Amino acid sequence: MQFKNPEILYFLFLLILPILVHLFQLRRFKKQEFTNVKLLKELQIQTRKSAKIKKWLLLATRLVLLTALIFAFAQPFFKAKDFDKKNNELILVIDNSFSMQVKGKSGELLKRTIQDILENTPEDQQLSVLTNDENFYDTNIKNIQKELQNLNYSSTPFNPAAIITRIEAKKPGIPKDILFITDAVGLKEELKTNLSETSSLYYQLVEAKETNNIAIENVQISQVLDQFYELKISIKSYGDFENDVPISMYNGKKLVGKALISKEKPQKEILFTIPKTDFHGYVSIQDNSLAYDNSFYFSISKPQKSNVIAVGNSTKNDFLSRIYTAEEFNFTSTELNTLNYNAIDDADAIILNELPTIPNALSVTLKNYYSKGGTIIFIPDVNSSESNYNLFLRNFSNIILSEKTTKEKQITQISFNHPIYTNVFDKKVSNFQYPKTNATFNVNGSNLPVLQYEDKSVFLGNITNKLGNLYFFSTSLNKENSNFQNSPLIVPTFYNMGQNNNKSGLNAFIIGNNNYTIINETIAKDNVLSVTNAENSFIPMQQILNNKIKLTFGNSPEKSGNYEVLKNKESLKSISFNYPRNESDLLQINTDYFDSCTEVNAVSTFYSDIHSSRTSNEVWKYFIFATLLLLLVELLIQKFVK
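Residues numbered from 1 in each chain as written. Predicted model: local features only at pLDDT ≥ 70, side-chain atom pairs only at ≥ 80, totals over all residues. Heavy atoms only, no water.

Q: Hey, could you run me through the pairing of strand E13 (residues 254–261) in this one?
A: For a regular strand, side chains alternate in direction, first toward one face of the sheet and then toward the other. Of the strand pairs in this sheet, strand E12 (residues 245–251) and E13 are connected by seven bridges, and their pairing is antiparallel. If you follow Met249 over to E13, its bridge partner there is Gly257. Taking the residues that link successive antiparallel strands as the turn, the E12-E13 hairpin has two residues, and the phi of Gly252 there is positive, at about 70°. (Pairing = 2+ DSSP bridges. Helix = DSSP H or I, 4+ residues; strand = E, 2+ residues; numbered from the N terminus.)

Q: Help me understand a negative patch on the surface in this model?
A: On the surface, Asp133, Glu134, Glu147 and Glu558 cluster together to form a negatively charged patch. Counting through the fold element by element, Glu134 comes out in the loop between strand E6 (127–130) and strand E7 (135–139). On the basis of relative accessibility, which here comes to 32%, the residue Glu134 falls in the partly exposed class. (Patch = residues over 30% accessible without salt bridge, like charges linked within 9 Å, V, L, I, M, F, W, Y side chains within 5 Å. Areas by Shrake-Rupley, 256 points an atom, 1.4 Å probe, with all protein chains shown as cover. Salt bridge = Lys/Arg side-chain N within 4 Å of Asp/Glu carboxyl O. Lys, Arg positive; Asp, Glu negative; His and termini not counted. Charge placed at Lys NZ, Arg CZ, Asp CG, Glu CD. Buried < 20%, exposed > 50% of the residue type's maximum accessible area, 1.4 Å probe, protein only.)

Q: Where do I start with the nonpolar core in this structure?
A: Across soluble globular proteins, nonpolar side chains show a tendency to be buried alongside one another. Ranked by size, the top nonpolar core spans 46 residues in total, and within it Leu92, Leu148, Phe577 and Phe606 carry the most contacts. A per-element tally of this core places helix H3 (residues 109–120) first, with five residues. (Core = buried A, V, L, I, M, F, W, Y, C linked by side-chain atoms within 4.5 Å.)

Q: Would you take a moment to explain the sheet that holds strand E10 (residues 213–224) for this structure?
A: In sheet architecture, strand pairing relies on hydrogen bonds along the backbone and comes in two forms, parallel and antiparallel. With antiparallel pairing, three strands are arranged side by side in an open sheet as E10-E11-E14. Whereas interior strands pair on both sides, the edge strands pair on one side only; in this sheet they are E10 and strand E14 (269–275). Going across the sheet, the axis of each strand differs from the next one's by a mean of 25°, ignoring polarity. In terms of strand pairing, strand E11 (residues 228–238) meets E14 through seven bridges, oriented antiparallel. Bridge pairing in E14 places Phe228 opposite Pro275. (Axes fitted to C-alpha atoms, helices over the stretch in contact; angles between N-to-C directions.)

Q: Which parts of the structure should I look at to understand helix H7 (residues 360–371)?
A: Residues lying three or four places apart along an α-helix face the same way, a consequence of the helix completing one turn every 3.6 residues. Between its first and last C-alpha atoms H7 spans 17 Å; for 12 residues at 1.5 Å apiece the expected length is 16 Å, and the two agree. If you check which residues of H7 are buried, you get Leu362, Ser363, Leu366, Tyr369 and Tyr370. Buried residues in H7, looked at end-on, bunch into an arc of 125°, giving them a common side. Exposed positions of H7 whose direction lies more than 90 degrees from the buried face are Asn360 and Val364. Following H7 by one or two positions, Gly373 has its phi on the positive side, about 105°. (Expected span 1.5 Å × (residues − 1). Arc of directions from axis to C-beta.)

Q: It is not clear to me how the pattern of salt bridges should be interpreted in this structure. Could you clarify?
A: Should their charged atoms come close, side chains of opposite charge can pair. Tallied over the entire structure, the rule returns 11 salt bridges. Residue Asp138 is joined to Lys171 by a salt bridge in which the shortest nitrogen-to-oxygen separation is 2.8 Å. Here Asp138 is found in strand E7, whereas its partner Lys171 is found in the loop between helix H5 (160–170) and strand E8 (176–182), with 33 residues between them in sequence. The class of Lys171 is buried, set by a relative accessible area of 6%. The residue Arg322 makes a salt bridge to Asp318 at a minimum N-O spacing of 2.7 Å. Taken as a pair, Arg322 and Asp318 lie in helix H6 (residues 318–323) at a separation of four residues, close to a single helical turn. Beyond isolated ion pairs, a larger network of salt bridges with shared partners links Glu89, Asp138 and Lys171.

Following this line, the structure appears as structure tokens:
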């Protein structure tokens, strides 16, 4: 037991006063002569004994009464179990990721959570409220009521560990009570923190009523026809669904196609055919679960010809002219001594085709070209010295060509997931006629293999600075050394290496993936490009690359949709952004993540628990009650004890 006012206990020394009064209260008795009768003597003795007992009873009662009164003023209490955490800062962390859109027993999980907080948090309670992407520090519910009621869903995944890091950066070393309110969808491993021992972590798990969901995962161009694009819509269903699901495609606001996803045999892929023109729209479905993954926005620019320059012997370049046709490419074949260096910056791809040596001036020019987003395709002459080639390759990476092997080798390994082959094969192919080479350089150094020999050595590799690309072969492609020119692989390989994705194809960026795009435009140093649609606008990071501009989007924009890249009010390019599909599977609930936390079933329970565990049990009122009871006892003694 402890006391709020322990100094009051010094008054206990005053208890000696009633003791002294009782002990030294001497009375003189007058002698009274009576007849010497035995009965009278016995009565006299009994009366004196009774008076003595009454005195001691009154003394004891008064001592206990005064003691109880002194204890009451000292305010005794029993310390609470978590008394040391009484002054902890209160922090509520609300999961506002897209999985919280789903309906629970009382409506959407996020909206119900906000309502519970507003109803059960005292208006004067000092607290901080954090979400996936917003912070409200040192406030109260009354001040942020409107902000919470208008809270938007966030494309930022719910990451409690990262949020704790944000809190610690703002309030380092301060003891805290943190309540996480989440559905625990998509959480990984287990929460680990470096919070002090006086901090406490709690979590409330909010549960969805239904966990079935259908999501549009992706949109790709599966086939390019003369006048049409064939689009492949990837659908993913989680759980069973009761009805057929309609799917619609819009170009802007115009409906251009409809289909039905059967509940009996739900398709994983649906094909749409659209005219081969500019497209700036989306595809959408309607289900009764999550809404954020029901639309997928994409843009297709009208194809522009890519500029490809092949440097080498005109005879050896002949097979390239059959791939880079005039309908889709501006193809130029040139000898090294007639190469126009000024044209390199305008090229989308430069092919070095079996040059015996690469001049230092060309190496320096191509290094600068690569750093600004250019594509280089390097084909060595297997009969030349590798030392000169290594001087060139050193400008880009640690790739080294070592002494050649003069034996026949087959090309058997294809990296189907590489961007070159993403839409080339419907399935992995293993039974085609393998191309072969008679002699090849050995390749050392880190790279991304695209095509490999049967012994896992590199035939075609790729390195990138995330802006430009260098594709390099380990051997010559002339017909004397290889039959690769006769292989069905050669057309998609060179076609896709030479294609500028910014001039053709489909773009559909995923928000948060640090996407970038290249705009073929020039601007003054004090001007900037903006990315805008009817509802939102932002200015991306911009890097000027001679006659091009690199736009990096980071975590922008906040909302998915179709956007335009604007120079002043002129539209330069249509681009589209989509939310990541990380939370479409509502069954990925990981409650083990919060093993180090205390679970509560409601916000009201949380407040009740921390109040009861930190509020001391004050017992002074019992001493007041004892004091009153002892006063009554003293009165009864005075009245009934003779």
